[in-house]
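Read off the chains here:
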Amino acid sequence: MNDREGAMLALLQLMSASSTPLGTRNAQRELAQRGREISESSVSRLLREMDARGWTTPVGAKGRTLAAEGRRRAAEAVLTHRTSDSLQHAVRDTKDLLDLLRARRAVESAVAGDAAREPEEGRLAELRELCDQHAHSVGSAPLIEQPGLRFHRALVEMSTNRMLKVAAEMMLASHLDRVEAVLDTILATRRDEEKVIAEHQAVLDRIGHRDAAGAEEAMRAHFEEMIAAVETSIVGGNEVLVQRLLDWMPSSE
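So, how was this worked out
- Residues numbered from 1 in each chain as written.
- Predicted model: local features only at pLDDT ≥ 70, side-chain atom pairs only at ≥ 80, totals over all residues.
- Heavy atoms only, no water.
- Helix = DSSP H or I, 4+ residues; strand = E, 2+ residues; numbered from the N terminus.
- Buried < 20%, exposed > 50% of the residue type's maximum accessible area, 1.4 Å probe, protein only.
- Contact = heavy atoms within 4.5 Å.
- Areas by Shrake-Rupley, 256 points an atom, 1.4 Å probe, with all protein chains shown as cover.
- Axes fitted to C-alpha atoms, helices over the stretch in contact; angles between N-to-C directions.
- Parallel < 35°, antiparallel > 145°, perpendicular 65-115°, else oblique.
- Left-handed = near helix turned anticlockwise from the far one by under 90°.
- Nonpolar A, V, L, I, M, F, W, Y, C, P; charged D, E, K, R; others polar.

1. Focus: the overall build of the protein chain
Moving on, step 1. Tallying secondary structure elements over the protein chain gives eleven helices and two strands in all.
Moving on, step 2. Per-residue burial over the protein chain gives 47% buried out of 253 residues.
Moving on, step 3. Counting contacts in the protein chain only where the partners sit at least 6 residues apart, residues at least 24 apart contribute 72% of the total.
Moving on, step 4. On the protein chain, roughly 12,900 Å² of surface is accessible, and the fraction owed to carbon and sulfur atoms is 51%.

Given below as structure tokens:
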């Protein structure tokens, strides 16, 4: 999820907890108290976008209240947060790590197929940029910024299937960034990193050609490679190392 979407979901949650319409100035103040420093003009633009999406309803000069779609979105956000928080603590060992990858293989393959049906050019450009950033960061410090993970999250945002998005967002929530860091460590050879970039590019190419079946298969093949890499690491005697990484990596708040 990008910062703009995250800020809008935070605004939805603020409105959900409020018994009166929420104005721009109060919304900006409440967001700041929750660690989101956003200018009042930016909050105003976000609220207008939420109006356009049918999430909120203006109430004169008083502010905004949630529309039915906004209430549903707010409930989904709470469910996603709670479930992903529970999932964070469920990834305890290498078996759990493999189970998570297998679950992601099923969900994200379907997401890729869905995203390929009617991709917006702006979203495609974002995916291309993320692939380029990933390629330039191989073997360098910026890889710590997890451009590969950002590619997966951007792809989920392209999906129009709300149930798939909820499931994928649970498995890609920030609470699980430590798990992605462990995967990056397992794939830490230049050869493996470059394979991941090529696999992402294959998914992007299929989406660009509006080939839903091809995009789904390319994403499935990507996860098959990651699962095989983890299994090889375990068979190769590194299970204790992977376990220590899972235990040591700090969880995201």
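2. Regarding the packing of helix 5 (residues 94–115) against helix 7 (residues 147–158)
Moving on, step 1. Put simply, helix 5 and helix 7 touch, their axes get as near as 8 Å, and they point 55 degrees apart. Classified by the angle their axes make, helix 5 and helix 7 are oblique. For the pair helix 5 and helix 7, the crossing hand works out as left-handed. Across from Arg-104, Glu-108, Val-111, Ala-112 and Ala-115 in helix 5, the residues of helix 7 making contact are His-152, Leu-155, Val-156 and Met-158.
Moving on, step 2. Of the residues belonging to the contact of helix 5 with helix 7, the class tally is six nonpolar, one polar and two charged.

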